Amino acid sequence: MARLSDRVWRPLWVLAALFAGSNGQLSAGPLDLGTEVCAWSSRGPLFPLHNSSCPLPIDDDEVEDGASWAPWSYPPTCVEFQARNRPAGRSNDAVKYCVFTSVPFRGGHGISLITTPELASSLSVGLDDSVVPPAIRDHPASYLSPLADEALFEVKELPNRGLGSVAKHRIRQWDTILVGFPAILAQMDFMDVLSPEQIRDVLAPAIGQLPEEQREEILSLARSTGGGIIQDILQTNIFGVEIEGVMHMALIPEASRTNHGCRPNAFWRFNEHTLAMEMIAFRDINRGEEITFSYTPLGLTYEGRKNVLGDWGFECKCPLCTSSRKEVKLSDERRDRIHDIHGILAQEEGISGKKVANLADELMKLLDQESLWPQLVVYYEVIARAYMEARDLEKATKYADMCEKEWIKYGGREHENVDGVQQLWRDLEMARLAE
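Residues numbered from 1 in each chain as written. Predicted model: local features only at pLDDT ≥ 70, side-chain atom pairs only at ≥ 80, totals over all residues. Heavy atoms only, no water.

**Quick notes on the environment of Gln173**
Thought 1: By secondary structure assignment, the location of Gln173 is in the loop between strand E7 (162-167) and strand E8 (176-180).
Thought 2: Along the backbone, Gln173 and Ala266 are 93 residues apart, and their C-alpha atoms lie at a distance of 9.0 Å. (Helix = DSSP H or I, 4+ residues; strand = E, 2+ residues; numbered from the N terminus.)

Next comes the structure, spelled out in structure tokens:
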């Protein structure tokens, strides 16, 4: 099997039952913690509430020496491994991955982190539910809301699909369908760099220290890869998310009942500050229609999707993949053409404004035919830059503005490509000055 970090995880837009009782005691409450500016983070703590400091990192050795483990509910359980490929200037000393559990997290659902003491310290500032904006916390799609029972969908058995999420009534485009939070958040490489025994040593408390209801929910999730139950559950259900530039796997039980679709009707977006993952409809969804999002990068052909989905151990039975051979072939041809147009717009030197306009029109039609609207965030930028190459700065500005608006629409104002959009505007300004 491929290394865990080499697999393609459910994009956002994608482990024998090991839990056991811990010998640790629940923290009696907030204690006086030493704090310092999070020097290990170029941007300070992830959750800058009232100041720019966060609790000092703690590990198992410091707890044994009498240090408090607050705000965590249990003392950390740590394993040590020899780091590989350390950044220049960093020593090759052993690195610790530790388990940090907060039982009160997000209304008592709980969370366990498997990460370094430094990153756990930075994340700890956001354990309080008050960091979640009211618009997300009180949304009926969030289990933190008093209206949480009024779910927009129900989980039911579907023919040839297993359990899936089905709309209880009409869901409008851009409606938030679900707000979820991780139960497990672990550095993506932990199953690659740790030994099998060490993996068991961190997974046991990571699962066992969570509230009972959350443990039962995790253990009820689908499995597909074989081997240890908890590892299988993680490998089948996790999402890949980025926190402070470090890739993590996030297990969000509420999200795991939503199946894959090659022409999905919903997408996910993750906020590293609140740890909230929102599922949003990007088109109207009818009552009784299955809600799906793509486990694969959008735009792949049939064979490309088939290869990626093999990591989850299933063959896709979505409407597109079960269409006639003719329809699958036409879809593949359209997707190949989208890829070709992207290459021309991005690479052709001295391209004319007329050619850009013709290719842009063709591209929009193809994206619409394939229901690949979320990819507009990429293609609007490519078109803007092509118009810059053609010296048509008016149209370049138009598409740069459309690009920024699409990113905010799909990713929120703190989307993952803020720097890229800002660079686009800087490049456009430089082009104006050069005229």
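**Section: the nonpolar core**
Thought 1: In terms of nonpolar packing, the biggest core is built from 50 residues, with Ile177, Leu185 and Ile291 touching the most fellow members.
Thought 2: Within the residue set of this core, elements represented by two or more residues are strand E4 (94-102), strand E5 (111-115), helix H3 (117-124), E8, strand E10 (239-243), strand E13 (266-271), strand E14 (276-281) and strand E15 (290-293).
Thought 3: In terms of residues, this core owes the most to one element, E14, which gives four residues.
Thought 4: One finds Leu345, Leu359, Tyr380 and Ala396 within the second-largest nonpolar core, a separate group that totals 35 residues. (Core = buried A, V, L, I, M, F, W, Y, C linked by side-chain atoms within 4.5 Å. Buried < 20%, exposed > 50% of the residue type's maximum accessible area, 1.4 Å probe, protein only.)

**A closer look at the packing of helix H10 (residues 325-347) against helix H12 (residues 376-389)**
Thought 1: Close contact between H10 and H12 brings their axes to 8 Å; oriented N to C, the two are set at 35°. Crossing of H10 against H12: the hand is left-handed. Along the contact surface, H10 presents Ile338, His342, Leu345 and Ala346, while H12 presents Val378, Tyr379, Val382, Ile383 and Ala386.
Thought 2: Per-class residue counts for the contact of H10 with H12 are eight nonpolar, one polar and no charged. (Axes fitted to C-alpha atoms, helices over the stretch in contact; angles between N-to-C directions. Left-handed = near helix turned anticlockwise from the far one by under 90°. Contact = heavy atoms within 4.5 Å. Nonpolar A, V, L, I, M, F, W, Y, C, P; charged D, E, K, R; others polar.)

**Some remarks on the sheet that holds E15**
Thought 1: Taken in spatial order, the four strands line up as E6-E7-E15-E12 in an open sheet, and their pairing is mixed. Edge positions in the sheet fall to strand E6 (153-158) and strand E12 (259-260), since each of these pairs with one other strand and no more. (Pairing = 2+ DSSP bridges.)

**Observations concerning the pattern of salt bridges**
Thought 1: Applying the stated criterion across every chain, the model contains 21 salt bridges.
Thought 2: A salt bridge links Asp284 to Arg170, with the nearest nitrogen and oxygen atoms 2.7 Å apart. A residue pair is termed long-range when its members are at least 10 positions apart, and Asp284 in the loop between E14 and E15 and Arg170 in the loop between E7 and E8 qualify at 114 residues.
Thought 3: A relative accessible area of 33% means that Asp284 is categorised as partly exposed.
Thought 4: Exposure remark for Arg170: the relative accessible area of 45% places this residue in the partly exposed category. (Salt bridge = Lys/Arg side-chain N within 4 Å of Asp/Glu carboxyl O.)

**Quick word on the confidence of the model for the chain**
Thought 1: Predicted confidence across the chain gives a mean pLDDT of 83, with 84% of residues reaching 70 or more.
Thought 2: Mean pLDDT values for the elements of the chain range from 42 in strand E1 (residues 35-37) up to 97 in helix H11 (residues 353-369).
Thought 3: Counting interchain partners and residues more than four positions distant, the pLDDT-below-50 stretch residues 1-52 has 158 contacts. (pLDDT = per-residue confidence, 0-100.)

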